[in-house]
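Structural characterization, general
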Amino acid sequence: MVLKKSSLLFVVILTFCEAIAKEAGNGLSQSKGKVKSPVNVQRAHEYEPTWESLDARPLPSWYDEGKIGIFIHWGVYSVPGFGSEWFWFSWKTSKNERIVNFMDQNYPPGFTYQDFGHQFTAEFYNATKWTELFKKSGAKYVVLTSKHHEGYTLWPSKYAFSWNAMAVGAHRNLLGELAEAIRSDSDLRFGLYHSLYEWFNPLWIADLATNLTTDEFVKFKTLPELYELVNEYQPDIVWSDGEWEAPDSYWQSKEFLAW
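A brief report on the enclosed structure follows.

How each quantity is defined
- Residues numbered from 1 in each chain as written.
- Predicted model: local features only at pLDDT ≥ 70, side-chain atom pairs only at ≥ 80, totals over all residues.
- Heavy atoms only, no water.
- Helix = DSSP H or I, 4+ residues; strand = E, 2+ residues; numbered from the N terminus.
- Polar contact = N/O pair within 3.5 Å; in protein donor to acceptor, adjacent residues only side chain to side chain.
- Phe/Tyr/Trp six-rings, centres within 6.5 Å; stacked < 30°, edge-to-face > 60°.
- Lys NZ or Arg CZ within 6 Å of the ring centre and 35° of its normal.
- Core = buried A, V, L, I, M, F, W, Y, C linked by side-chain atoms within 4.5 Å.
- Buried < 20%, exposed > 50% of the residue type's maximum accessible area, 1.4 Å probe, protein only.
- 1 Å grid on protein atoms, 1.4 Å probe; cavity = no way out; pocket = protein on both sides within 12 Å on 5 of 7 lines; lining within 4 Å.
- Points joined across faces, edges and corners; volume = space filled by probe spheres on them.
- Nonpolar A, V, L, I, M, F, W, Y, C, P; charged D, E, K, R; others polar.

Quick word on the side chain of K219
For K219, the position within the fold is in helix α9 (residues 216–233). A distance of 3.2 Å separates the side chain of K219 from the side chain of E216, its partner in a polar contact.

A look at the packing of aromatic side chains
Scanning the entire structure with this criterion turns up 39 aromatic pairs. Residue placement shows K92 over the ring face of W91; its charged tip is 4.1 Å from the ring centre.

Focus: the nonpolar core
In this structure, F87, Y113, L174, L175 and W251 are the most contacted members of the largest nonpolar core, which totals 59 residues. If you tally residues by element for this core, the top one is α9, at eight residues. Core analysis: the second largest hydrophobic core is formed by six residues, W62, V143, Y193 and I237 among them.

Looking at the layout of surface pockets
Each pocket or cavity is described by its volume, and for the largest pocket that value is around 190 Å³. The wall of the largest pocket is formed by W88, Q114, E150, G151, A160, F161, W163, E198, F200, N201, P202 and K221. Residues that form the lining of the largest pocket fall into these classes: six nonpolar, three polar and three charged.

Below you can see the structure in the form of C-alpha cells.
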C-alpha cells in the first residue's frame, strides 16, 4: 500500500502503535502554526515528515495476509436509519428531497439533528457479542467509525464537548468497550476510522472563510483528536477521511504520520 501525494484518503498502518507508551502525555504545544505531537512517545521506527520517507514504510504482513476485514459505520445517523451516514448534510445542505420529506412526515417542526443524538442509546449494544460474530465471520481486522463528518465521537473525547457517546445518548464509551472486547477475546486487529473535517463545526467553517489561511480547526480539533485516539486506544489502523477540501499541508498530515 502506498500513500499517494494526490490524496489524503488513506489507511494508515500504525506500525509503531505497540511501542507507544501507556502514558504519552496529552499536552499539545503549538509553534509557527503547527501542532506538536504529545511528548515522550516512543516509536519503533523514525520517519521524516516527507512523502519520500513516509512512502518507505513497510506494509505490515498481517494486513497483507489478512485479506478480509469488517468496516463499521455507526453513529447518530443510525437513529433515523434513512439514506446514509450523510443524513445531516443531505437534510440541511443538499436539501435532498427524500430526506426532507422523510423528516417532514415523521418528525415535528423544530426537530434538530442533535435531537437524534439523545435517541442514540445503543441499549442493545454488546461488544463481546459483536466480537464473537466478527470471529465467526473469518475476518482478520475490524475498523470502527470513531467519528464521521457529523462530529459525534464514539469515545469520550475531550475535544467533542457535549457531542460524544459518553455525554449524549448512550452515556457509554462505545469505542472503548469494543477495543477491550476485541483485544481480550480475539486475535483480531482493531482499527479506527476518523473524519478529518466536520460539516458544521464553527472552527472548520471559519477556516474555510479565510480560504484556509488559518488552521484553527486542525490545531484545536483534528490533530488533538487523532493524538488522543492513538494514545488512548493504540489502533492498528487509522483510516482517515474527509480530506478533499484542503491540502495535506493544512491537515498537517505528514507531521502526524511521521509522529
